[in-house]
Amino acid sequence: MRSESQVKSKITFICQQCGKENPKWLGRCPSCGAWGSFVETRVSPPSLSSHHHQLANNAPQELYTAQKGDIPRFNLGFSELNRVLGGGLVPGSLVLIGGEPGIGKSTLLLQTSDSVARNNKLVVYVSGEESITQVKLRAERLKISGKNIYFLAETNMEQVLQHLEEISPALVMVDSIQTVFLDDVTGVPGSISQVRECTLRLMYWAKQKNIPVFIAGHVTKEGSIAGPGTLEHIVDVVLYFEGEPFHNYRMLRGVKNRFGSTNEVGVFEMGSDGLIEVNNPSQAFLSQHEDTSIGSVVIPTLEGSRPLLVEAQALTSSTSFGPPRRIANGIDFNRLLLISAVLGKRARIKLSNQDIIINVTGGLRINEPAADLGIALAIASSAHDIPPLAKLAVMGEIGLSGELRTIPQIERRITEAVRLGFNACLLPKSNSNPPLQHADIHLLTADSITEALRLGLSKKG
Ligand code: TYD
Ligand code: MG
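An account of the accompanying structure is given in this report. Since the structure is predicted, the reported quantities are computational estimates derived from the model, not experimental observations.

### Quick notes on the overall build of the protein
A tally of regular secondary structure across the protein gives 13 helices and 21 strands. Dimensions along the principal axes, computed over C-alpha positions, put the protein at roughly 85 × 55 × 55 Å. Residues counted as buried form 51% of the 461 residues belonging to the protein. In the protein, the share of contacts with a sequence separation of at least 24, taken over all contacts with a separation of at least 6, comes to 67%. When the accessible surface of the protein is summed, it comes to about 22,300 Å², and 51% of that surface belongs to carbon and sulfur atoms. Averaging the locations of the 45 positively and 44 negatively charged side chains of the protein gives two centres separated by 4 Å.

Structure representation (structure tokens):
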């Protein structure tokens, strides 16, 4: 039987990687396998349990009798942000924006604050990272007046909540969750226990007041926000802000959304005046694409449910020393090995003495196998020194025996190619069964990689 003191004990050990709790210290976390990640933590039952009670006073109600009704949504000015949120921000929701340092989280939060403040709504911007002068400088650069935006350089959560109580804003930004802390929780700001308790506090506050809160969170080297198991389960919406350091495009990707689909991406461009939305990303990504250049192929890919046309380039050149090299920028390296192996074995293109470099332009990353055929065609085009057909979009997954496999959502991809003025689409035959009907684009279908290469490359001469 447990003794009284054990039940009341507030000391626990929490894994700083995944948030697993254990009453005793452990050298290795049984949940995530991290070594030496457990930290002694004092948790504060009163703060949590009192909030739980506040939330729990709703009586059970039969689902059948519940009102359907549309969820009211809050327009944030950026249509790309509204889109990822599922059509605007739901009042009382807690949204986490994660991303690497320097990717543009603060810029996005500040610009969003501005567009809300312009509609005569009060916004509180809590910043533990920058001083008011720093933020003012940035605001000036972004041409933000700062009217209706209250800046709060406070990291003590109790104080923050008290100020919020007084100001009663329409929207709250917390930049970042790793800088705020609660007095009654052990651990330095940014530790799992602090991050989790502060997020919980904000969650209850947002729900209680029906006021939406955004929090920015830095991702760790492993690519998670202060341990995956912790924050993402608490908040309503998780968005990741991603991009390559030397490119200006930024993708805002839905990872979790309690009020909408996670299949959405928003596309932004970081310019000298801050973030600009890219409403027509395919056009932006293809802006420097030249028709019929050797080794360059346009691929309709899907980002969530959004079709995007991207350009993949391949360069093959004779290996001068050692084994042939394969360099994959923007695609999976193993996928490139698979494609070049199939090209060598099934399409009989001699690549064993060739280096292959693949580049996806714009700093994008294509993860889906539907891009295989486009990459294969780019490599073949470079190896044979023949350009692909003009105005051709290419898609299809390649199997190990050189067959082309069905890919999902073919209609969306074709429609996007049509919209951007492409003349022809090269796709797996199995995707056109029953036959696809498109009056405004020529569909070239193939069963095998050999056939696809024959159809997709221009005739020599
Ligand atoms: P920031 O929003 O501070 O990133 P985070 O909060 O995610 O750490 O973005 C900083 C980067 O963005 C910095 O490298 C400079 C760049 N930037 C621009 O290129 N243009 C701009 O107008 C602004 C405000 C920032
Ligand atoms: Mg920042």
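From this point, the narrative continues.
### Some points on the side chain of Thr12
Among the secondary structure elements, Thr12 is positioned in strand S1 (residues 11–15). A polar side-chain atom of Thr12 sits 3.3 Å from the main-chain carbonyl oxygen of Asn22.

### Points about the sheet that holds strand S5 (residues 123–127)
Judged by pairing direction, the sheet is mixed, and its nine strands sit side by side in the order S6-S5-S7-S8-S4-S9-S10-S11-S12 without closing on themselves. Every other strand in the sheet has two partners, leaving strand S6 (149–152) and strand S12 (274–277) as the edge strands with one partner each. Neighbour-to-neighbour, the strand axes of this sheet turn through a mean angle of 25°, independent of strand direction. Across five bridges, the pairing between S5 and strand S7 (residues 171–175) is parallel. The partner of Val124 across the bridge, within S7, is Val172.

Cut-offs and rules
- Chains are numbered independently. Their residues run from 1 in the order of the written sequence.
- Just so you know, chain letters begin at A and ligand numbers begin at 1, following the order they were written in.
- Given that the model is predicted, a residue must reach a pLDDT of at least 70 before its local features are reported, and side-chain atom pairs must reach 80 or more before they are shown or counted; all residues, however, enter totals for whole chains, interfaces and linings.
- The side-chain figures draw on all heavy atoms in the structure; neither hydrogens nor water molecules are used.
- Helix and strand assignments follow DSSP, with helices taken as H or I runs no shorter than four residues and strands as E runs no shorter than two, numbered in order from the N terminus.
- Buried residues are those whose accessible area, probed at 1.4 Å on protein chains only, stays under 20% of the maximum for their type, while exposed residues exceed 50% and partly exposed ones sit between those limits.
- Should any heavy atoms of two residues lie within 4.5 Å, those residues are considered in contact.
- Reported accessibility uses the Shrake-Rupley method at a 1.4 Å probe radius. Residues are deemed covered only where the shown protein chains occlude them.
- The sign given to each residue is positive for Lys and Arg and negative for Asp and Glu; His and the chain ends receive no count.
- Lys charges are placed at NZ, Arg charges at CZ, Asp charges at CG and Glu charges at CD.
- Contacts described as polar in this section are N or O atom pairs within 3.5 Å, which, within protein, must combine one atom able to donate a hydrogen with one able to accept it, while residues neighboring in sequence count only if both atoms come from side chains.
- Should DSSP find at least two bridges between two strands, the strands are regarded as paired.
- Working convention: axes come from line fits to C-alpha atoms, limited for helices to the stretch in contact. Angles between N-to-C directions cover 0 to 180 degrees.

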